[in-house]
Amino acid sequence: MFQTSIAGSLPKPAWLSETEKLWPQWKAQGAELQQAKMDATLLWIKLQEDAGLDIVGDGEQSRQHFVHGFLEQVEGIDFEHKVTMGIRNGRYDAQVPQVVAPLKLKGRVHAFEAQLARAHTRKKLKFTLPGPLTIVDTVADRFYGSKVDMAMAFAELLNQEALALQADGVDIIQFDEPAFNVYMQDAADWGVKALERAARGLTCTTAVHICYGYGIKANLDWKETLGQEWRQYEAIFPALAKSSIQQVSLECYHSHVPPDLMKLLEGKDVMVGVIDVASDEVETPEQVADTIGKALQFVPRNRLFACTNCGLAPMSREIAVKKLEALAAGAALARQRYDTTGAA
């Protein structure tokens, strides 16, 4: 009950890359960089286990960015001539690669870090991939001429890698779709279908992560424009509830998302964000347990997982570790509380 995990990313050590940045530059190249990625991955597996998390991940230590880490292994994408493009509906500008030819995988994308993680933990292993709609929002299309066609092409490639990750021993494959609550109509019309295409044939647990973004200024400024109630999830949860995806990860703590929207996910496991990634203030176990208690009004206890609101990549390592410890301690406290109260 109330199993704990992170959304996906964790801070990179200073010997691997720049720190506290969303798009950090690597500190090494070639074999030295590969060794540094390995060391960072093993470090974070140990730190997650030490914190008491039930489900661990690689922390995305081998990826510069959660989307581009996948795109780097895709043919048909021009990284040499990046262009400036507004992403997340113009929330901020980013230098993005261009799709210039039919998309095809060069080979395995994440075999190195997935197999490494699987070999070094007995815990359940979760691995994250970017979702098709979010990828489409993070590249410039110079070939397909249709967001839907390009999303389905990416979904095919994601599916190939997801099936291989499953064969590597990954227990949970999560697709990250922060763009879902920006392009709600697209998400409902074709985004969920593309997501299901990416997950086709998987027998491991499938998940999707939706949130209001990393704790960076552009996202914080955007949140200020959303008013006192953030109801974006209301437009997309019904489509997800009807989908074959088994788990939904969402932002909750310190957000203005009405908790009752979680009722729209009936039949799904819900990974409730109980850790704020936009603040360095470390949650207390009591605060985490309180958030779980609120979610229990709308999610059955056997379907409630405790998670972070989003990735912790831009955060300091010290704060991130303390937040992971608070996550595990708060979930343990919630088990004590709600085992005795009879809350459903």
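Check the entry above for the structure.
Residues numbered from 1 in each chain as written. Predicted model: local features only at pLDDT ≥ 70, side-chain atom pairs only at ≥ 80, totals over all residues. Heavy atoms only, no water.

1. Re unusual backbone geometry
Residues other than glycine predominantly adopt negative phi, and peptide bonds predominantly adopt the trans conformation.
And then number 1: Despite not being glycine, F2 shows a phi value in the positive range, around 55°.
And then number 2: With respect to the secondary-structure elements, F2 resides in the segment before α1 (30–51).
And then number 3: Residue classification places F2 among the buried positions, given a relative accessible area of 1%.
And then number 4: Look at E20: it is not a glycine, yet its phi comes out positive at around 55°.
And then number 5: Residue placement: E20 occurs in the segment before α1. (Helix = DSSP H or I, 4+ residues; strand = E, 2+ residues; numbered from the N terminus. Buried < 20%, exposed > 50% of the residue type's maximum accessible area, 1.4 Å probe, protein only.)

2. Digging into the sheet that holds strand β6 (residues 172–176)
Within a sheet, each strand pairs with its neighbour through backbone hydrogen bonds, oriented either parallel or antiparallel.
And then number 1: Strand order in the open sheet formed by seven strands is β1-β4-β6-β7-β8-β9-β10, with parallel pairing between adjacent strands. Each of the sheet's edge strands pairs with one partner strand only, and the pair in question is β1 (55–56) and β10 (304–308).
And then number 2: Note that strand β4 (residues 124–130) and β6 share five bridges and pair parallel. Paired with L129 across the two strands is F175, which belongs to β6.
And then number 3: Contacts from helix α9 (residues 285–295) reach β9 (269–275) and β10, with the element oriented near 145° to β9. (Pairing = 2+ DSSP bridges. Contact = heavy atoms within 4.5 Å. Axes fitted to C-alpha atoms, helices over the stretch in contact; angles between N-to-C directions.)

3. Observations regarding the pattern of salt bridges
And then number 1: This model, assessed by the stated rule, comprises 16 salt bridges.
And then number 2: Between E234 and R231 there is a salt bridge, and its shortest N-O distance comes to 2.9 Å.
And then number 3: Among the charged side chains, a network of salt bridges with common partners joins R108, E161 and D168. (Salt bridge = Lys/Arg side-chain N within 4 Å of Asp/Glu carboxyl O.)

4. A few points about the packing of aromatic side chains
And then number 1: Taken as a whole and judged by the stated rule, the model has three aromatic pairs.
And then number 2: Judged by centre distance (6.5 Å) and plane angle (85°), the rings of F2 and Y338 are edge-to-face. You can see F2 sitting in the segment before α1 and its partner Y338 sitting in helix α10 (residues 317–341), a full 336 residues away along the chain.
And then number 3: Judged by its relative accessible area of 12%, Y338 is buried.
And then number 4: The interplanar angle of 85° and the centroid separation of 4.9 Å between the aromatic rings of F143 and Y144 together place this pair among those described as edge-to-face.
And then number 5: A relative accessible area of 23% places Y144 in the partly exposed class.
And then number 6: Of note, K37 hangs over the ring of W26, and the distance from its end group to the ring centre comes to 4.8 Å.
And then number 7: Between the NZ or CZ atom of K147 and the centre of the ring of Y183, over which it lies, the distance is 5.4 Å. (Phe/Tyr/Trp six-rings, centres within 6.5 Å; stacked < 30°, edge-to-face > 60°. Lys NZ or Arg CZ within 6 Å of the ring centre and 35° of its normal.)

5. What about the sheet that holds strand β5 (residues 140–141)?
And then number 1: The strand order β2-β3-β5 describes an open sheet built from three strands, whose pairing is mixed. Taken across any chain shown, the strands that pair with only one partner, and hence form the sheet edges, are β2 (74–87) and β5.
And then number 2: Inspection of the sheet shows β2 paired to strand β3 (residues 92–105) by nine bridges, in the antiparallel sense. Following the sheet pairing, E75 is matched in β3 by K104.
And then number 3: Along the sheet, helix α5 (residues 147–167) makes contact with β2, β3 and β5, crossing β3 at roughly 75°.

6. Observations regarding the pairing of β3
And then number 1: In this structure, the hairpin formed by β2 and β3 is closed by a connection of four residues, where R88 is found at a positive phi of approximately 55°.
And then number 2: With two bridges connecting them, β3 and β5 associate as parallel partners. The partner of V99 across the bridge, within β5, is D141.

7. Overview of the packing of α1 against helix α3 (residues 111–119)
And then number 1: For the pair α1 and α3, the least separation of the axes is 10 Å and the interaxial angle reads 40°. When the interaxial angle is binned, α1 and α3 end up oblique. In this structure, the crossing between α1 and α3 has a hand that is right-handed. Between α1 and α3, the residues in contact are Q34, K37, M38, T41, L42 and I45 and F112, L116 and A117, respectively.
And then number 2: Its residues assigned to classes, the contact of α1 with α3 shows six nonpolar, two polar and one charged. (Parallel < 35°, antiparallel > 145°, perpendicular 65-115°, else oblique. Left-handed = near helix turned anticlockwise from the far one by under 90°. Nonpolar A, V, L, I, M, F, W, Y, C, P; charged D, E, K, R; others polar.)

8. Concerning the environment of T19
And then number 1: With respect to the secondary-structure elements, T19 resides in the segment before α1.
And then number 2: Take T19: its relative accessible area is 39%, and that puts it in the partly exposed class.

9. Notes on helix α8 (residues 232–241)
And then number 1: For α8, the full list of buried residues reads Q232, Y233, I236, F237 and L240. Take α8 and look down its axis: the buried residues cluster within an arc of 120°, on one side only.
And then number 2: Each element contacted by the buried residues of α8 is listed here: α6 (184–198), β7 (205–209) and β8 (247–250). (Arc of directions from axis to C-beta.)

10. A look at empty space enclosed by the protein
And then number 1: Counting across every chain of the model gives three cavities of 30 Å³ or more.
And then number 2: Of the voids in this model, the second largest cavity is the one considered here, and its volume is about 100 Å³.
And then number 3: Of the residues belonging to the lining of the second largest cavity, the class tally is seven nonpolar, five polar and six charged. (1 Å grid on protein atoms, 1.4 Å probe; cavity = no way out; pocket = protein on both sides within 12 Å on 5 of 7 lines; lining within 4 Å. Points joined across faces, edges and corners; volume = space filled by probe spheres on them.)

Fair warning: the whole summary comes from geometry, so function is off the table for now.
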